[in-house]
Amino acid sequence: MNIVTVIAVTMFFSCESNLKEVQKMNALNKTPVGVAENFVLKYTDSTKLTAVVSGPVYEDYSNQPFPYREFPKGVHVDFYDEDNQKSTVSANYGIIYLNTKLIDMQGNVILETYDGKRLNAPQLYWDQNNQWIFTEGDYVFTSPDLNMKGIGIDFNKEFTVVSSHENSGSAVVKDDAQTETE
């Protein structure tokens, strides 16, 4: 009976050791498919430049179960509208989730539009599918006629539809009323 116990215990520890080795082999391999330094990628639509993405380091993890691309040392994007007017966004870190088309930018995120609007936030998301930008964190927004800060804001890429959650600020209001003189 003692021999059976010794064999069972030996098999148990042997299987446990093998199990740990198998788990190590099956652990996610976090090696990128590709790495580029001084990365610059130009996006076009019908030969018209629509965006330029750049960063000091670009890492492609499209080989992962939830594929992504990462800019671990910062990212800068120039966007061009139909009239070739440039807006920019930059951050200390960026990650693009390929399956969900969500871009997460973190650390000193600065979004500047061609017409003088500026948004600063520690984190900003860009939903490519819905053309929607948002943050649930702190932000500061400035423009020629509006200055505000708060927690949580979301808007379309043209800044024509904006929803802010908690904010305070000041705005310039134009008085269109005319006085009549006799």
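Just so you know, these numbers come straight off a predicted model, no measurement behind them. (Residues numbered from 1 in each chain as written. Predicted model: local features only at pLDDT ≥ 70, side-chain atom pairs only at ≥ 80, totals over all residues. Heavy atoms only, no water.)

Peer 1: Could you give an account of the overall build of the protein, with specific residues and numbers?
Peer 2: Secondary structure assignment for the protein yields 1 helix and 11 strands. N-terminal to C-terminal, the α/β element order of the protein is α-β-β-β-β-β-β-β-β-β-β-β. In the protein, which comprises 182 residues, the proportion classed as buried is 28%. Long-range pairs, those at least 24 residues apart, make up 33% of the contacts in the protein between residues at least 6 apart in sequence. (Helix = DSSP H or I, 4+ residues; strand = E, 2+ residues; numbered from the N terminus. Buried < 20%, exposed > 50% of the residue type's maximum accessible area, 1.4 Å probe, protein only. Contact = heavy atoms within 4.5 Å.)

Peer 1: Residue-level account of the packing of aromatic side chains, with values.
Peer 2: This model, assessed by the stated rule, comprises 7 aromatic pairs. With centroids separated by 5.1 Å and ring planes inclined at 20°, the aromatic side chains of Tyr-125 and Phe-134 adopt a geometry described as stacked. Classification of Tyr-125 by relative accessible area gives partly exposed; the value is 21%. By relative accessible area, which is 22% here, Phe-134 ends up partly exposed. Ring pairs connect the aromatic residues Phe-39, Tyr-58 and Phe-71, which therefore count as one cluster. (Phe/Tyr/Trp six-rings, centres within 6.5 Å; stacked < 30°, edge-to-face > 60°.)

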